[in-house]
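This is what each chain is made of:
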Amino acid sequence: MQRRYGLRAAFIPLLFMGFGWSFAQTTGKIAGTITDRETGEPLADANVVLLHTSAGSSADRNGKFFILNIPPGVYDLQANMIGYKPVKMEGCRVSVNSTTHLTFELERTVLEGEVVVVTASAVSFKKDQTSSVRNVSAEQISRLPLENVDQVVNMQTGVVQGHFRGGRSSEVAYLIDGLQVVNSFSEYSRQAVYVEKEVVQDLEVIKGTFDAEYGRAMSGMVNAVTKEGGRRWHGSLSGGFGNYFTAHNDVFIGLGKPGYLKRNLSQDYKVQLDGPVFKDFMTIFVNYRYQDNRGPLNGIRRFNPWDYSVYPAENPLYWHIEHSGDNGYTAMQRDYYHNLLGKLTTRFGGNLKVNLLYTFNGSRSRQYNFQYKYNPDGLGWNLGKVHFGALEANHMLSKSLFYDLKLSYTANEQQSWLFEDPLDSRTLSPNYRGGLETGFYTGGMIDPGRRRDTFLRGDAKLDVVWQADKIHGLKMGFLYTSHEVDRWRADVRNQFEGLTEANDMIVDPLTGKIDFPNYIPEIIPITENTIDIYKVKPFELSGYIQDKMEFDEMVIKLGLRYDAFHSNTKVPSNWRNPSNQLSLPDTMMSTLLDSEPQVQVSPRLGLSYKLSDQAVLRLSYGHFFQMPQMYALYENNIFRVPPFDYSTTMGNPQIKAEKTVQYEIGLWQQLAQGMGLEVSVYYKDIYNLLSTKVMTTYNQIQYGLFTNKDYGNARGIELTWDFMRGGFYSIVNFTYSFTRGNADNPRQTFTRAGSSMDPITRLIPMSWDQRYTMNATVSYSANNLNVALTGYVNSGTPYTYSPPGYSTLAHINLYENNSSKPVTTTFDFSASYTLPVYGRNAVRLLLNVYNLFDRLNPVWVYGDTGQPYTRIVTESEVQKFRSDYNDYYDQIKNPTGYSHPRSVKLTVGYQF
């Protein structure tokens, strides 16, 4: 349910939550029973210890015990009691936010010394699962032929290209060590901070209903718990080199041509070190990665930016052609990345631990632009810098109570430019670009303006867990988040803009080269009428309480969450004259009012029932709220309406939170030793989705205003089968789903209205509505060898069929996403071999092959053919085409329509 209150009233409920307590989101729990093997009687006061740690517990009179605050990993435990043989249980896996349930059965003895060794059962950690949660350990990640954490996430059932169970990609929250690291502003991607897969100790992927401790997301959560330094020094160095080896050189031009081994060579260097700074007191973990990635998309430098060519008539005598390029191939996809993570862990005795974490992501990239295929030097750069720092204090007050205090700060700066100085002397008149008669720019550059967006975020989080008794585990939580958004740009114009002199040209009498002398760039001054340059400081508060009730055969999670968001800005009182551009009577004028906070209260319920020692049934239900991305609150911040219809979209500071109501039922069944099958069925309604409605001013100008109007729903079934025995491991993930809604994206309704198209009056497939998604991995490890193969088979996602203009179907107003792209298949392979040198030193060789069978998989398609690279072309279109260096079909053959061809990467590393 949703409420709107004044600012003070909105935040009062948090005061009744004990100043806000929540679960740590970085540790787990072990609980169980110790009994006499023959009689089944509980063994009071029996001891259980977590081997190689200082953690342990003793059984109560009912034989029950628990150990809280355990970092994720695989542990061995041992139960002891005088007069009984000790029992050592191996392979007890602990995951974040989960309880591993164990049963020790001790056998009487009169002799000391003999230890009974058993292995933890699979049901021991499945019993605690009340929703679709996938915990991927560091060991499992290392076996997969993948490069990064995002690829691990996208392998999970219910995940399609970053969309969780049919939701929009902006409905997923990303966390590092339990702290959100999201960009709450971006229209396209929420993930703000990235960590390498080598630093992840446990990856928690929640695709369905999630506990009350999680919020500010509607579809999914991804929580990466990072490693800590060990008690012995370990390190590794590696260098990787990759390139493309494909038979499709006609699509990916330049590959296979002389010099491509260097031109398209990608480089990847990694360094990792961890160990004790002061033994048993302070440890450190450091990971650094540098990448120089070159994509498979090349350009041909036929033209330089200062060339000018035009083809104004069919007669070539009227053409003016300049091409001073060397006609050489050049890589048009270039990405440089620096990723650094450092973690300092200090332990004060056995009860207090302090972590200091720092992460840096730096990027510099030049993205491919098909229209600059023959003029590749006319493109600019995108740059990013993200600093993330966190301080965590974890304190065990008693064996049943601990708290976790976390403070974090994120500074995210994103920039784009042609040249760092917008007035650089190398900038050229836009006239050099020509008229695109050949389908490509034959000179010129992109806009020389510069953009800089800065997003600052601070979080304060206090976490407490109290095991009240053997059944009830209470969690209560508080999180305060402050944001600061600073949007700035420098727009450049020609001082001669609007004058006929701007198009004056001079012709060199010797060479015939044409230049445009009347181009003097200047920065457009920023005034009170400049749109989308602003600073805002919204803030958020959250709190919840949850009771986790653990019975012998059942686990119930019951929780309630409270969220409040304040845009902290002004809002017009009259959207028909929002900035008072029209001078009208007072009743038709607008006043800027303070925005009000948006408040949500959401219940959560989860239940799991142990059907047998080999089966667990689970049910869950919940309401999940999330504020839309902040661009929808602040776009066109001065509320000015241009004098033309459908020429602007305006932010709405009073927009409400989006809401998902989700139901889920699941069953896990152990089929054989080491083999399990998990089935989940889900349904969800998505309300108040971000949309754009058409507003009409008093002078009948129509513009867009962001609002909550769209609706969607999703349903599906997910199956996961896995098997592990010895060094062999295999897993199969399959999803069959339907995703429907009335709009693909928040602007679709407005765009259709501006194109004089009928509104969508029924639910249509979303563009990410992939009917079935399947992947399977087979891996084998023996001695120092590891081999893995992963295959992906996915049905095509929807596209909009658009019949040719001469077809009678072209007169029918078709809805979007009315047809499907072709099926895609891909196989990735990896093999590694570790060669011991001496002691703990070793050389590691790693081979990765992506798209092993070199499949051409469509990424996007043309609306008239349903295929990339191919369109329906009439004879008259071909005859009207004018060019001296390419044909009509060249502008259709866009290689971005296909996924990357086969690539091979070889890495050599040294471990110590």
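Everything quoted here is computed from the prediction, not taken from an experiment. (Residues numbered from 1 in each chain as written. Predicted model: local features only at pLDDT ≥ 70, side-chain atom pairs only at ≥ 80, totals over all residues. Heavy atoms only, no water.)

Caption draft 1: Fine view of the overall build of the protein chain. A count of helices and strands for the protein chain gives eight helices and 51 strands. Here the C-alpha atoms of the protein chain give a radius of gyration of 30 Å, agreeing with the 29 Å that 2.2 N^0.38 yields for 912 residues. Taking the principal axes of the C-alpha coordinates as reference, the protein chain spans close to 110 × 75 × 55 Å. Taken across its 912 residues, the protein chain has 54% of its residues classed as buried. Residue pairs at least 24 apart in sequence account for 72% of intrachain contacts in the protein chain once pairs closer than 6 positions are excluded. Carbon and sulfur atoms provide 57% of the accessible area of the protein chain, an area that totals close to 39300 Å². Taking the average place of the 89 positive charges on the side chains of the protein chain and the average place of its 90 negative ones, the gap between the two points comes to 3 Å. (Helix = DSSP H or I, 4+ residues; strand = E, 2+ residues; numbered from the N terminus. Rg over C-alpha atoms; globule rule 2.2 N^0.38 Å. Buried < 20%, exposed > 50% of the residue type's maximum accessible area, 1.4 Å probe, protein only. Contact = heavy atoms within 4.5 Å. Areas by Shrake-Rupley, 256 points an atom, 1.4 Å probe, with all protein chains shown as cover. Lys, Arg positive; Asp, Glu negative; His and termini not counted. Charge placed at Lys NZ, Arg CZ, Asp CG, Glu CD.)

Caption draft 2: The arrangement of the sheet that holds strand E5 (residues 64-70) in detail. Across the sheet, which stays open at both edges, the three strands sit in the order E5-E2-E8 with mixed pairing between neighbours. The sheet is open, and its two borders are formed by E5 and strand E8 (99-106), each paired with just one other strand. Between one strand and the next, the sheet's axes are offset by a mean angle of 20°, whatever the strand orientation. Relative to E8, strand E2 (residues 28-36) runs parallel, the two being bridged by eight bridges. (Pairing = 2+ DSSP bridges. Axes fitted to C-alpha atoms, helices over the stretch in contact; angles between N-to-C directions.)

Caption draft 3: Seen up close, the packing of aromatic side chains. Enumeration over the complete set of coordinates arrives at 33 aromatic pairs. Arranged with centres 5.5 Å apart and planes meeting at 90°, the rings of phenylalanine 281 and phenylalanine 348 form a pair that is edge-to-face. Of this pair, phenylalanine 281 sits in the loop between strand E18 (266-278) and strand E19 (282-294) while phenylalanine 348 sits in strand E22 (residues 334-348), and the two are 67 residues apart along the sequence. Given the relative accessible area of 45%, phenylalanine 348 is considered partly exposed. The lysine or arginine in question, arginine 715, covers the ring of phenylalanine 738, its NZ or CZ lying 4.8 Å from the ring centre. (Phe/Tyr/Trp six-rings, centres within 6.5 Å; stacked < 30°, edge-to-face > 60°. Lys NZ or Arg CZ within 6 Å of the ring centre and 35° of its normal.)

Caption draft 4: Quick look at the nonpolar core. Val200, Leu203, Met221 and Phe388 are the most contacted members of the largest nonpolar core, which has 41 residues in total. Sorting the residues of this core by element identifies strand E10 (133-137), helix H4 (149-154), strand E13 (172-176), strand E15 (200-206), strand E16 (220-226) and strand E24 (381-398) as the ones contributing at least two each. A total of five residues in this core trace back to one element, the largest contributor, which is E13. In contact with phenylalanine 388, other than residues within four places in its own chain, are Ile176, Leu179, Val181, Val193, Leu357, Tyr358, Thr359, Ser408, Tyr409 and Thr410. (Core = buried A, V, L, I, M, F, W, Y, C linked by side-chain atoms within 4.5 Å.)

Caption draft 5: Here's a closer look at the sheet that holds strand E7 (residues 87-94). Pairing in this open sheet of five strands is mixed, and the strands run E4-E3-E6-E7-E9 from one edge to the other. Here the strands that pair on one side only, and so sit at the sheet edges, are strand E4 (56-58) and strand E9 (116-119). Taken over all neighbouring pairs, the strand axes of this sheet differ in orientation by 20° on average, direction set aside. Bridge count between strand E6 (residues 73-80) and E7: six bridges; the pairing is antiparallel. Counterpart to alanine 79 in the pairing with E7 is valine 87.

Caption draft 6: Region of the structure containing empty space enclosed by the protein. Tallied over the entire structure, the rule returns twelve cavities of 30 Å³ or more. When its volume is computed, the largest cavity comes out at roughly 180 Å³. Around the largest cavity sit 17 residues that line it, and Arg216, Glu540, Phe565, Gln626 and Met627 are the ones nearest its centre. Within the residue set of the lining of the largest cavity, elements represented by two or more residues are strand E34 (554-566) and strand E38 (615-626). Among the elements that line the lining of the largest cavity, the one with the most residues is E34, at three residues. Broken down by class, the residue content of the lining of the largest cavity amounts to seven nonpolar, five polar and five charged. (1 Å grid on protein atoms, 1.4 Å probe; cavity = no way out; pocket = protein on both sides within 12 Å on 5 of 7 lines; lining within 4 Å. Points joined across faces, edges and corners; volume = space filled by probe spheres on them. Nonpolar A, V, L, I, M, F, W, Y, C, P; charged D, E, K, R; others polar.)

Caption draft 7: Main features of the pairing of E7. Between E6 and E7, which follow one another and run antiparallel, lie six residues, and glycine 83 among them has a positive phi close to 90°. In terms of strand pairing, E7 meets E9 through four bridges, oriented parallel. Each bridged residue has a counterpart across the sheet, and for methionine 89 the counterpart in E9 is valine 118.

Caption draft 8: Geometry of a nonpolar patch on the surface. A surface patch of nonpolar side chains, amounting to about 620 Å² of accessible area, comprises Trp233, Leu237, Val271, Leu273, Val286, Leu340, Tyr358 and Phe912. Here valine 286 lies in strand E19. (Patch = residues over 30% accessible without salt bridge, like charges linked within 9 Å, V, L, I, M, F, W, Y side chains within 5 Å. Salt bridge = Lys/Arg side-chain N within 4 Å of Asp/Glu carboxyl O.)

Caption draft 9: Summary view of the pattern of salt bridges. With the rule as written, the count across this model stands at 56 salt bridges. A salt bridge links arginine 451 to aspartate 453, with the nearest nitrogen and oxygen atoms 2.9 Å apart. Given a relative accessible area of 29%, arginine 451 falls into the partly exposed group. Its relative accessible area of 6% is what places aspartate 453 among the buried residues. Note that arginine 561 and aspartate 563 form a salt bridge whose closest N and O atoms lie 3.0 Å from each other. Each member of the salt-bridge network shares a partner with another, and the members are Lys126, Arg165, Lys207, Arg618, Glu664, Glu678 and Glu718.

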